[in-house]
Each structure stands twice: as structure tokens, then as C-alpha cells.
Amino acid sequence: MRPIGEKCETFRSLGKKVLSADVEERDKRGAKDAADWRTLWRAAADAGVLALTVPEQFGGEGRSFLEAVQALHALGEGCRDNGMLLGLNGQLWAMQKSILEFGSEEQKSTFLPILINGDAICAHAVTETNSGSDVTGIRATAQKTQNGYVLNGEKIWIGMAPAADVAQVFALTNPDLGAWGMSAFLVDLNLPGISKSAPYEKAGHRTVPTGKLTFENVEIPQTSLLGSEGSGHAIFNLSIAWERSFIFSSHVGAMKRQLDETVLFARDRAPNGRPIINNQTVSNRLADMQVRYEIARLLIENAARELDAGIQNRMTPSVAKLQVAESLLENALDAQRINGASGYLTGECERMVRDMAGTITLGGTSDIQRLLIAAYQKGSVKA
Ligand SMILES: Cc1cc2nc3c(=O)[nH]c(=O)nc-3n(C[C@H](O)[C@H](O)[C@H](O)COP(=O)(O)OP(=O)(O)OC[C@H]3O[C@@H](n4cnc5c(N)ncnc54)[C@H](O)[C@@H]3O)c2cc1C
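It should be emphasised that the depicted structure is a prediction, and the values quoted were computed from it without experimental measurement.

Rules behind the numbers
- Residues numbered from 1 in each chain as written.
- Predicted model: local features only at pLDDT ≥ 70, side-chain atom pairs only at ≥ 80, totals over all residues.
- Heavy atoms only, no water.
- UniProt positions renumbered as here; feature names shortened; annotations may be inferred.
- Helix = DSSP H or I, 4+ residues; strand = E, 2+ residues; numbered from the N terminus.
- Domains from an automatic or database assignment.
- Contact = heavy atoms within 4.5 Å.
- Salt bridge = Lys/Arg side-chain N within 4 Å of Asp/Glu carboxyl O.
- Polar contact = N/O pair within 3.5 Å; in protein donor to acceptor, adjacent residues only side chain to side chain.
- Pairing = 2+ DSSP bridges.

**Q** Residues and numbers for the UniProt feature "domain: Acyl-CoA oxidase/dehydrogenase middle" (unreviewed entry) in the chain, please.
**A** The sites that UniProt annotates as "domain: Acyl-CoA oxidase/dehydrogenase middle" (unreviewed entry) are residues 124-218. Taken as a whole, residues 124-218 contains 0% helix and 46% strand, while its terminal C-alpha atoms sit 18 Å from one another.

Right, dumping it as C-alpha cells:
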């Protein structure tokens, strides 16, 4: 296996030279046409982005959590396409990890190799109209039949859904038990009765599609069940913990690039011959950006180190998600302030604001992370 430093260099270069291509135009168009992003997804897969955390027996590299987040940070330093970074990280952390952890041997050997090599894309289908922050509100059902289940329901705001080949779908197998009667399924999205919406016209992360999945009397085989029946809540809790801890690994790399570029801008921009960095309000803002970046990176690396050491601290993902997402948005806004009117032109600065605004909602809002942290502090939920 190549040393992680080399891997970081490859990923940084991939991000810069390949994945950032035409990002302004692709952002304007949105992700309606898969030709706009599918070749980039495959290029990322070819470079091994989706292989990082999967063991070698399934075609992966079996890297530690820490090595994986360091490589993904480097990818983000190079890549200006935050949508692509979100899609790739989402698949790595929310989907591939739970297939590895809970999948049968057949599910692992069927899905992991094709997800790693980019032949297939997986979506994580949890959210419904009445179940966003509160997953106990899920209404999708999977009714047991002789050969499997019949799936009904609608999932909204699902990353990659309009183009995904398979989805990890959460549905009630025993509605009387509420969330405790929830199960997870790996569903082939080509089955009859499944429809995918067109991509949403969303404000940020526009370069990859997000949309709705509708299931109408979809017959899924017994082999679709991920883990055991009724273990959906446990699977959700673990997959969302990985997502909260690591999904912004590459966004924090992008944050670093933006910080460096903003410092350079503040040094160079000298109306009346006096660089704006010499104004304390500007330099204070840059110092705050630096500190936010360092903390965000360290929180992600800390979460990785804990898992590498076998430590399961349930508060860690919420602390990381809250602080990292809020910092991504704050830094994007500060960069825009420092860039003055030029930061308000369509382009990198305003795109970073639009993209980073989404991070405080996806994967559970900042409000919900605060609630969870408070619950652990009070002892009402075991950390
Ligand atoms: C870019 C993006 C990508 C996404 N990708 C996916 C995906 O791939 N798969 C998926 O399943 N979902 C995805 N989502 C959905 C996301 O998980 C939900 O939007 C999120 O959990 C919030 O749910 P909601 O939008 O229904 O807001 P609501 O739950 O209706 O919340 C609205 C507001 O009320 C606050 N609020 C709600 N309940 C409480 C409470 N108990 N205490 C305090 N405040 C509260 C929230 O913090 C928020 O400010 C994505 C969302 C975005 C924006």
C-alpha cells in the first residue's frame, strides 16, 4: 500500500486538475445531466477515493480512519467542487461503512466492489416529509411477505438519489413499535415500483443531484435486509455517527484552501497602497478563520483516532458535526466579507457560502447536535 503522504499528493492533484474542471459552469447548470459529473465520479473512484476504508478482500485499501480523513482532507484542498466532495464522502461514510459493519457476506461481496470502482452509486434514504430531525417519525413501511418484503413510502432530500443504483432505505417492519420497529434495506433502485425525482434546484452543492425516491408496492427479496429485522435504529445511529464525524473531511480541506487564498488576498489588496491585512478588524477575522480551521481538522482527526483505538464515544460525532459545520459556514462568510464586493460576484466566494450553508442542516441540524450533547451531559443518554 502506498504511503499516506503520496496518497494525499495524488488526491490533492486529482481534486485540483480533474474534479475542479468547469466547476463554475457545472454549478450554474445544476446536476440535471449526469454526463456533467459521472465521469468525475469515476475518475475519483479510479484514483481510489472510494477504496480508502474498505478492506482489501473487497477491493479496498483498508486504511485506518485517520489515514482516510487525512487523504480526504488533501482531496478537498485541491477540489473546488464541494458537491462532488459531499457525494463521495457521503457514500464512503454513511453507506459503505454500514454495509461493511452490518452487511451479509453476500451483500458485502456484491455491493462493495462496484461502489468502490464507481460502477454503482449508493444513496442513504432516511428523511421523509414528516421525519427530518426526528427519525422516529418515519412512515415508510416494509411489509413481510413469503419471499421478502413489500416496500412503500417516500424519501426526500436524498443525496445522489436521482442517479443512484442502490439505496440504503430505512422503513418500518413493525409500525406498532415505532422507531424500534425500523429495519434497514439495501434496495436495487431498478426494481419495478420505484421512481426517482429530477434533481432539486438547491442553493448549494449543485454539482451533484439530490432528490426524492418513491416506493410503491416494491417487492424486495429477503436478501435486501441489512442486519437483522428491527435493527434499523441501531444501524441508523452508527451510520449517522460516521457521517457526522467524517462527512466534512474534504470540506475542511477546502476550508484550508480558502483560508490560504483569503490571507493572500488580504496581503495583496491594497487600496491607497495600504494592504487590508494591516487593518486589525481584517487580521482578527483571519485569525478567527485560522483557529476555526485548526479546530475543525483536529475534531475530525480526534474522532478518527478514537475509532482507530476502538473507542466509541457517542458524544464525539455531535461535537464534531456541530463545530465543523458551523465553522465551515462562518469561514465562508468571513472570506466573503474580506473579499468585499468581489466576494459577492458569482464565483468561488459566494459558491462557498451557498455550499457551506447546507452543512449545518444535512446529517442533523446544529440545533439537534446541541440537544444531543446536552442529553449526554445530563446523563439522559449514555455517551
Ligand atoms: C444538502 C442536504 C443533503 C441532504 N442529504 C440527505 C441524504 O442523503 N439522506 C437523507 O436521508 N437526508 C438528507 N438530507 C436531509 C437532512 O437530514 C434533513 O434536512 C435534516 O435532518 C433536517 O430535517 P428537516 O429538513 O425536516 O428539518 P426539521 O426537522 O423540520 O427542522 C426545521 C428546524 O427546526 C429545528 N428543530 C426541529 N426539531 C427540533 C427539536 N426537537 N429541537 C430543536 N430544534 C428543532 C431544526 O434544527 C431546524 O432548524 C439532506 C439535507 C440537505 C440540506
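**Q** So, the domain arrangement of the chain: which residues are in play, and what are the values?
**A** When its domains are assigned, the chain resolves into domain 1 (4-121), domain 2 (123-230) and domain 3 (235-378). Each of domain 2 and domain 3 has a C-alpha centre, and the two are 30 Å apart. With 14 residues of domain 2 at the interface, the matching set in domain 3 holds 10 residues. Across the domain 2-domain 3 interface, the total number found is zero salt bridges. For the pair domain 2 and domain 3, the interface holds four residue pairs in polar contact (both at pLDDT 80 or more).

**Q** Help me get a handle on the pairing of strand 3 (residues 148-159), residues and values and all.
**A** Sheet topology places strand 2 (residues 141-144) next to strand 3; four bridges connect them, and they run antiparallel. What sits directly across from Ala142, in strand 3, is Leu151. The hairpin formed by strand 2 and strand 3 contains three residues between the paired strands. Here strand 3 pairs with strand 7 (residues 210-221) via nine bridges, running antiparallel. When the sheet's bridge partners are listed, Gly159 is paired in strand 7 with Thr210.

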